[in-house]
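Descriptive structure summary
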Amino acid sequence: MIPPVRMEPSVPSAVPSREALALLRILVVAGEGGSAGALLQNLRQWADDGRLEIDTAPDLPRAVRQLSGQRWDVVLAVLGEHPDDDLSWWVDTLRGATGSPRFIAVAQAPSMGLVLRAEKSGVLDVLALPLRREELVRALERVRSVVSETAVPLPLVEPHAVGPYALVGQSAAMLDVYKLLARVAGSSATVLVQGESGTGKEVVARAIHMNGPHASGAFVAVNCAAIPENLLESELFGHEKGAFTGAVTRKIGRFEQAASGTLFLDEIADMSLALQAKILRAVQEREIERVGGSETIPVDVRLIAATNRDLKEAIKQGRFREDLYYRLAVVTIRLPTLVERGDDLVLLTAYYVRLFAQRYGKKIQAISDRALGLLRAHAWVGNVRELRNVIERAVIVATDETLRAEHLPDELRGEEATLVDRPQGGLLTLAEAEARHIARVLAHTNGQIGAAAEILGIHRNTLTRKMKEYGL
Amino acid sequence: MTGPPPVRVEKALALMPELEALAPLRALLVSIARPDEATVWSSSGPYLTLGKRGVHPDELRRRMPQAFHRITEHLQVLFKAYVEALECQQRADAPGVVAALVRAGRLEEEVGRHTQARTWYEVALRVAEALQDRRPEVEVLRALGYVCVALGEYAASARHFQRSLALAEAEFDQAGATAASEGLGDVAVAQGQWGGAQAWYSRGLRLAEAASDAPHVGRLERQLGVLARKQRDLAAAGEFLRRARERFEAAGPPDEMARVLNEQGRLDAQLGRYTAASAAYREALAWAQRAPRDARLELSIRLNLAELDLEAGRLLEAEAELRRAEQVAIGGHAIRRLAQIYTLMGRLRGAQEDETGFVFFEQAIELAKAVEPSVATEAQVYHAYGLFRSRLGQQDEARAYLERARELFDSLGEAVERERVEAELRALSA
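Here the structure is a predicted model, which is why all the values come from computation and not from measurement.

The rules behind these values
- Residues numbered from 1 in each chain as written.
- Chains lettered and ligands numbered in written order.
- Predicted model: local features only at pLDDT ≥ 70, side-chain atom pairs only at ≥ 80, totals over all residues.
- Heavy atoms only, no water.
- Pairing = 2+ DSSP bridges.
- Helix = DSSP H or I, 4+ residues; strand = E, 2+ residues; numbered from the N terminus.
- Axes fitted to C-alpha atoms, helices over the stretch in contact; angles between N-to-C directions.
- Contact = heavy atoms within 4.5 Å.
- Buried < 20%, exposed > 50% of the residue type's maximum accessible area, 1.4 Å probe, protein only.
- pLDDT = per-residue confidence, 0-100.
- Parallel < 35°, antiparallel > 145°, perpendicular 65-115°, else oblique.
- Left-handed = near helix turned anticlockwise from the far one by under 90°.
- Nonpolar A, V, L, I, M, F, W, Y, C, P; charged D, E, K, R; others polar.
- Patch = residues over 30% accessible without salt bridge, like charges linked within 9 Å, V, L, I, M, F, W, Y side chains within 5 Å.
- Areas by Shrake-Rupley, 256 points an atom, 1.4 Å probe, with all protein chains shown as cover.
- Salt bridge = Lys/Arg side-chain N within 4 Å of Asp/Glu carboxyl O.
- Core = buried A, V, L, I, M, F, W, Y, C linked by side-chain atoms within 4.5 Å.
- Buried area = accessible area lost by both parts, 1.4 Å probe.
- Polar contact = N/O pair within 3.5 Å; in protein donor to acceptor, adjacent residues only side chain to side chain.
- Phe/Tyr/Trp six-rings, centres within 6.5 Å; stacked < 30°, edge-to-face > 60°.
- Right-handed = clockwise from strand over helix to strand, strands pointing away.

A look at the sheet that holds strand S17 (residues 331–334) of chain A
All names here are of chain A. Pairing in this open sheet of five strands is parallel, and the strands run S10-S13-S16-S9-S17 from one edge to the other. The open sheet terminates on both sides in strands that have one partner only, identified here as strand S10 (219–223) and S17. When the angles between neighbouring strand axes are averaged without regard to direction, this sheet yields 20 degrees. As paired strands, strand S9 (residues 191–194) and strand S16 (residues 302–307) are joined by four bridges and run parallel to one another. Across the sheet, the residue bridging to Gln194 is Thr307, located in S16. Across the face of the sheet, helix H6 (residues 172–185) comes into contact with S9, S16 and S17 while running at roughly 155 degrees to S17.

Considering the pairing of S17(A)
Residues and elements named next belong to chain A. Burial along S17 is one-sided: the residues Val331 and Ile333 are buried and none of Thr332 and Arg334 is. In this structure, S9 lies alongside S17, joined through four bridges in parallel fashion. For Leu192, the partnering residue across the bridge sits in S17 and is Thr332.

Let's talk about the sheet that holds strand S5 (residues 125–129) of chain A
Residues and elements named next belong to chain A. Ordered by their spatial adjacency, five strands build an open sheet running S2-S1-S3-S4-S5, and the pairing between neighbours is parallel. Each end of this open sheet is capped by a strand with a single partner; those strands are strand S2 (52–57) and S5. Pairs of neighbouring strands in the sheet enclose a mean axial angle of 25 degrees, with direction left out of account. Helix H3 (residues 83–94) contacts strand S1 (24–30), strand S3 (74–78) and strand S4 (102–108) of the sheet and is inclined by roughly 165 degrees relative to S4.

A look at the confidence of the model for chain A
Residues and elements named next belong to chain A. Per-residue pLDDT for chain A has a mean of 84; in total, 89% of the residues score no lower than 70. Taken as a whole, residues 9–19 scores under 50 in pLDDT and shows 14 contacts with residues more than four places along the chain or in a different chain. Every residue in residues 417–426 is under pLDDT 50, and counting partners more than four places away or in other chains gives 15 contacts.

Section: the packing of helix H19 (residues 395–412) of chain B against helix H20 (residues 415–429) of chain B
Residues and elements named next belong to chain B. Here H19 crosses H20 at 155 degrees, and the two axes come no closer than 9 Å. Our classification of the angle between H19 and H20 gives roughly antiparallel. Between H19 and H20 the crossing geometry is left-handed. Residue-level inspection shows Gln395, Ala398, Arg399, Leu402, Glu403, Ala405, Arg406, Phe409 and Asp410 of H19 in contact with H20, the latter providing Glu417, Arg418, Val421, Glu422, Glu424, Leu425, Leu428 and Ser429. Partitioning the contact of H19 with H20 into residue classes produces seven nonpolar, two polar and eight charged.

So, a nonpolar patch on the surface
Together, Phe68(B), Ile71(B), Leu75(B) and Phe79(B) make up an exposed nonpolar region whose accessible area comes to about 380 Å². As for its position among the elements, Ile71(B) is in helix H3 (residues 57–90).

Let's talk about the side chain of Glu256(B)
In this fold, Glu256(B) is placed in helix H12 (residues 254–270). With sequence-adjacent residues up to four places away left out, Glu256(B) is seen in contact with Arg219(B), Arg222(B) and Phe248(B).

Examining the nonpolar core
One recurring pattern in soluble globular proteins: nonpolar side chains tend to sit buried together. Within the largest apolar cluster, 92 residues are counted, with the highest numbers of intra-cluster contacts made by Leu236(A) and Phe255(A). Among residues more than four places away in sequence, those in contact with Leu236(A) are Val222(A), Gly253(A), Arg254(A), Phe255(A), Leu265(A), Met271(A), Leu275(A) and Ile279(A). Counting 36 residues, the second-largest nonpolar core is a separate cluster that includes Val102(B), Trp120(B), Leu167(B) and Val187(B).

As for the interface of chain B and chain A
With 45 residues of chain B in contact, the opposing surface of chain A contributes 52 residues. In this assembly, chain B packs against chain A so that about 4,600 Å² is buried in total across both faces, 52% of it on carbon and sulfur atoms. Our count for the chain B to chain A interface comes out at six salt bridges. Notably, a salt bridge pairs Glu249(B) with Arg65(A), separated by 2.9 Å at the nearest N-O pair. Connecting chain B to chain A are 13 residue pairs in polar contact (both at pLDDT 80 or more). Going through the elements one at a time, helix H1 (9–14), helix H11 (234–251), helix H13 (274–290), helix H14 (295–311), helix H15 (315–331), helix H17 (358–371) and H19 of chain B are the ones with two or more residues in the side of chain B that touches chain A. When residues of the side of chain B that touches chain A are assigned to their parent elements, the largest contribution, nine residues, is made by H13(B). Of the residues in the side of chain B that touches chain A, the class split is 17 nonpolar, eight polar and 20 charged.

What to know about the confidence of the model for chain B
The share of residues in chain B with pLDDT of 70 or more is 99%, and the mean pLDDT across the chain is 92. Reported confidence for the predicted complex is 0.77 by ipTM and 0.82 by pTM.

Looking at unusual backbone geometry
For residues other than glycine, phi is negative in most cases, and the peptide bonds are mostly trans. Despite not being glycine, Glu267(A) has its phi angle at roughly 55 degrees, a positive value. A positive phi angle, close to 50 degrees, is found at Ser212(B), a residue other than glycine. Residue placement: Ser212(B) occurs in the loop between helix H9 (194–210) and helix H10 (214–230). Overall, Ser212(B) belongs to the exposed group, its relative accessible area being 65%.

With respect to the packing of aromatic side chains
One pass over the structure, following the stated rule, counts 15 aromatic pairs over all chains. Measuring from ring centre to ring centre gives 5.1 Å for Tyr325(A) and Tyr326(A), while their planes differ by 80 degrees; the resulting arrangement is edge-to-face. By relative accessible area, Tyr326(A) is classed as exposed at 51%. On the basis of an interplanar angle of 50 degrees and a centroid distance of 5.0 Å, the ring pair of Phe361(B) and Phe388(B) is categorised as tilted. Taken as a pair, Phe361(B) in helix H17 and Phe388(B) in helix H18 (residues 375–391) lie far apart in primary sequence, 27 residues in all. When sorted by exposure, Phe361(B) lands in the same class as Phe388(B), which is buried. One aromatic cluster is present, built from ring pairs that chain together Phe361(B), Tyr382(B), Tyr385(B), Phe388(B) and Tyr401(B).

Observations concerning the pattern of salt bridges
Scanning all chains against the criterion turns up 71 salt bridges over all chains. For Arg65(A), the salt bridge identified is with Glu283(B), shortest N-O distance 2.3 Å. Of this pair, Arg65(A) sits in helix H2 (residues 60–69) while Glu283(B) sits in helix H13, which puts the two residues in different chains. Using a relative accessible area of 28% as the deciding quantity, one classes Arg65(A) as partly exposed. Where Arg250(A) meets Glu240(A), a salt bridge forms, and the shortest distance between an N and an O atom there is 3.1 Å. Of this pair, Arg250(A) sits in the loop between strand S11 (238–239) and strand S12 (251–252) while Glu240(A) sits in the loop between S11 and S12, placing them 10 residues apart in sequence. Take Glu240(A): its relative accessible area is 17%, and that puts it in the buried class. Residues joined by salt bridges that share partners form a network here, namely Asp59(A), Arg62(A), Arg65(A), Arg245(B), Glu249(B), Glu283(B) and Arg290(B).

Some details on the environment of Leu387(A)
Secondary-structure assignment places Leu387(A) in helix H15 (residues 383–397). The contacts of Leu387(A), once residues within four sequence positions are left out, are Leu338(A), Leu345(A), Leu348(A), Thr349(A), Leu375(A) and Trp380(A).

Here's the deal with the environment of Leu154(A)
All names here are of chain A. Here Leu154 lies in the loop between strand S6 (151–153) and strand S7 (160–162). A residue is classified by how much of its surface remains accessible, and Leu154, at 9% relative accessible area, is buried. The contact partners of Leu154, leaving out residues within four places of it in the chain, are Ala350, Val353, Arg354, Ile364, Gln365, Ala366 and Ile367.

Describing the pairing of S4(A)
Residues and elements named next belong to chain A. Where burial is concerned, most of S4 is hidden: six out of the seven residues are buried. Bridge analysis of S4 against S5 gives five bridges, and the strand direction is parallel. Paired with Ala105 across the two strands is Val126, which belongs to S5. The parallel pair S4 and S5, bridged by helix H4 (residues 112–120), forms a crossover whose chirality is right-handed.

See the structure below:
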C-alpha cells in the first residue's frame with residue numbers, strides 16, 4: 001500500500017497577515033502615442049487610501065532603466081496607438097526586470113485578441129481607458145494576494161538514482177513500469193520504450209542498462225530525430241577518412257562506441273526507411289560496416305529503442321519497417337503521462353526543487369499552496385521534461401525559502417482564472433466564450449496548433465481560421 | 001482530425017534547385033517553417049533547427065499570392081525608378097538619372113539582392129562620371145563601397161571609398177568626405193584592421209565636428225567606442241560611448257540610441273559588469289522598439305544578450321533568448337544571423353559537453369554555404385565548430401575545422417580572426 005502524498009500547510013510564518021495592506025510600488029509608463037496624464041492624476045488621488053506609491057517613466061526605454069535600478073511591484077503600461085504590436089515588445093523588454101514586477105496593460109478599447117494575447121503572455125490584467133477605480137483595485141488585489149500564499153513544506157522523496165538522472169514516483173502506473181523494468185533488465189532482450197515526449201524514456205533505458213548484464217559497458221544514446229538525415233548513418237556506423245566531403249578523419253560510430261554496452265536509439269520512428277534497413281541488418285547480423293569502408297565489424301551491443309509515435313500506425317502508413325518493429329519490440333514498456341501519474345507530480349516537484357536548489361545555491365524548503373495549485377492545474381503536454389524546466393526556472397528566480405506562484409513562468413500564471421472571473425458586462429456571447437476557450441487550450445498546448453486542434457476536436461485549418469477571426 | 005505530417009525544411013530545400021528565380025519562394029518557405037508540434041517537448045526538441053522544422057505544402061500554396069505580391073511590388077518600384085531615370089534623361093537632368101538609378105540599387109539592397117544592387121550602382125557611376133558636378137559620383141561611389149562590403153569584396157570597397165573621399169575633398173563636400181571616411185573605417189573594421197579603422201573614424205569625426213553634423217558625430221563616436229573596446233582601451237571606449245549616448249538621448253534617432261546601448265552592453269560585459277550589461281541590452285531593445293522595425297538590429301541585441309547569459313553560465317536564459325532570436329531571424333529571413341544563432345546554440349551545448357550539439361554547427365554551415373552564402377559567416381562557424389570539437393577532446397576534427405576557418409579568413413583578407421585561429425591551432429599542436 002502506497003501512502004498518499006500529503007502536503008500539509010505549515011504555519012505561514014514568513015507571510016504577512018491579510019489585514020496589513022501591503023504598500024505597492026507602481027511604475028506608470030506611457031507607450032508611443034499613449035498618454036498617462038489623466039490616468040496619473042487619478043492614480044495619485046487613489047494612491048493614499050489604496051496604499052500605493054506611484055512614479056512615472058516617460059517611455060519604455062526609461063522604464064527599463066528605472067526597473068533595473070530598483071524593485072517595483074507593478075508596471076502599469078499605457079499602450080500606444082498599436083497596442084497589439086506594443087504588447088509583445090513590452091512583455092519581452094520588461095522580462096528579467098528586478099523582482100519580476102507584475103504587468104498591467106491599459107489601452108483604449110482593448111480588443112478581445114489583445115486581452116487573450118495578454119493572458120497568454122502572463123500579463124496580470126488588461127484594463128480599458130478611462131480607468132475605473134474598482135477595476136484597478138481588483139487587479140491590485142490580485143497582486144497583493146501573492147503575499148497571502150501559504151507555504152507548504154516539500155515532502156521527502158526517495159529517488160532511485162539512474163546515473164545523472166533519477167526515477168521518482170510511487171503511482172500505480174509507475175509501479176507497473178518498475179516491475180516490468182526489473183523483469184527485463186536481467187536479460188539481453190531488445191526493448192522498445194514507448195511514451196509521450198518527456199515521460200522519461202531515456203531514464204528507463206539507462207535503468208535497464210545499469211541493472212542488466214551490459215552494465216559494465218558504455219551506455220551510448222543517439223537521438224535519431226536531432227541529427228540531420230544525411231549525417232545519421234555516419235553517426236551510427238562511423239566512416240572512413242575521405243568517405244564523403246567533410247569526412248576529415250576516420251570516425252568510430254555509435255554502434256562501435258557501445259561495444260559490450262547498450263546502444264539507445266531515441267526517436268527511432270524519425271529514421272528514413274533506408275537507414276531502418278541498415279539498422280535491421282545490424283540487429284540481425286550483429287555486424288556493421290563503416291560508411292566508405294569495406295571491413296565488416298562485429299558488434300556486441302544491447303539495443304534499446306524509444307519512440308513517442310505509434311509505430312503500428314507508422315507501419316500502416318509505410319513509414320516504418322514491420323520487420324524492424326518486431327526485432328525491436330521484443331519487450332515493450334509503455335510509460336504513463338505525468339497527468340496519469342497523479343500525486344507523483346508533487347514528489348517530482350519536490351525532487352526537482354531540491355536538485356536545482358542545490359545546483360544554484362538556494363535554500364528552498366517549501367512551495368506555496370498557490371504555486372502547487374498552478375502546477376496541478378497545468379496540462380503538462382511536455383510531461384516530466386516540462387515540469388523539470390518549469391521548476392528549474394522557478395528555482396533560479398526564487399529569492400526566499402518558499403517557491404511561490406510569482407516564480408513560475410508567465411504561461412502558468414496566465415492560466416489562473418482571470419478573464420472568467422471578471423464579469424465584463426454580464427454574460428458572454430457564444431463567440432466570446434469560444435474565443436476564450438480556444439485561447440485556454442492554446443495556452444495549455446504552448447501554442448501548438450495541432451495539439452490544440454486535437455483537444456478541441458476540430459481540423460487544424462478550422463482552428464487556424466478561428467484564431468485569425470478572433471485575433472489570437 | 002489532423003492531416004498529413006509537414007515536410008521537413010531540410011527535405012523541402014533539398015528539392016529546390018539553386019535558381020535565382022526561386023529565391024523568393026525559398027524565403028517564403030523558410031519564414032513559414034514551424035517546429036513539428038510533437039517535437040517541441042521531445043528529446044530532440046532542444047536540438048531543433050531550421051532544417052528540422054516543418055512546412056505544409058498547403059500553407060505554402062496559400063501564401064504564394066503574398067510572395068507574388070511582394071515580387072510584383074518590388075519589380076514595380078524598380079521599373080518605376082528606371083522610368084524616372086529615363087524621364088530625367090529626356091529632360092537632360094543627369095543628376096536625376098543618377099539619383100533614380102541609385103534609388104533602384106538601394107531597393108535591391110533592401111531585399112538582400114546585393115549583386116543586383118551593385119549592377120545598378122555601376123550604371124549610375126557611368127552616368128555620374130560624365131558630370132561636371134562630382135557630388136552624385138561621390139554618392140554613387142559610397143553606395144558601391146557599402147555594397148562591396150556586404151559582398152565581402154573589401155579591396156574593391158576600399159577603392160570606391162578612397163575615390164569618393166578624394167572627389168568629395170576636391171569639391172569641398174564636407175558631408176561626402178565625412179561619409180567616405182566612415183566607409184573606409186567600416187572596411188578596415190570588416191578586415192580586422194583596428195589601427196586603420198581608428199585613423200579613418202577619427203578623421204571623419206574631425207570633419208563632422210567641423211561641419212556641426214551631429215548625427216555623424218554621434219555615429220562616429222560610437223564606432224570609435226567599438227574600436228577602443230576591441231583594442232582593450234576600455235576607459236576610452238566608455239568615454240566615446242558616453243558622449244554618443246548623450247548626443248543621441250537628447251534628440252537622436254531611437255535606432256542610433258539602441259546601437260549605442262548595444263555597444264555599451266558589450267563594454268559592460270567585457271568589464272565583467274553582467275547586471276549593467278543586461279540592463280543596457282534591455283534598454284537597447286526598448287529603444288529599438290521605438291524605431292522602424294529593423295530585424296538585424298534587434299537580432300544583434302538579442303545575440304549579445306544570449307552571449308552574455310552564456311558567458312555568465314545562465315544557460316537556460318541564454319537558450320530562451322536564442323530561441324526568441326531564432327524566431328525573429330526566421331520570420332525576417334535573416335539567414336546570416338540565423339547561422340550565428342545556431343553557432344551560439346552549438347557553443348551552449350559545448351558548454352554542457354553535449355556532443356549532439358554538433359547538429360547546430362552543421363546547420364549553420366549549411367545556411368552559410370547553401371541558403372545564403374557568406375564566406376565570413378562560414379569562417380566564423382568553422383572556427384566555433386573547431387573549438388567545440390576541441391572541448392570534447394576530438395583533436396583531429398578540431399584541427400581540420402580550424403584549418404578550414406583559417407583558409408576562409410585568408411580568402412577574405414581578415415587579419416585579426418585569422419590570427420586568433422592560428423593561435424588556437426598552435427595550442428592544439430602543443
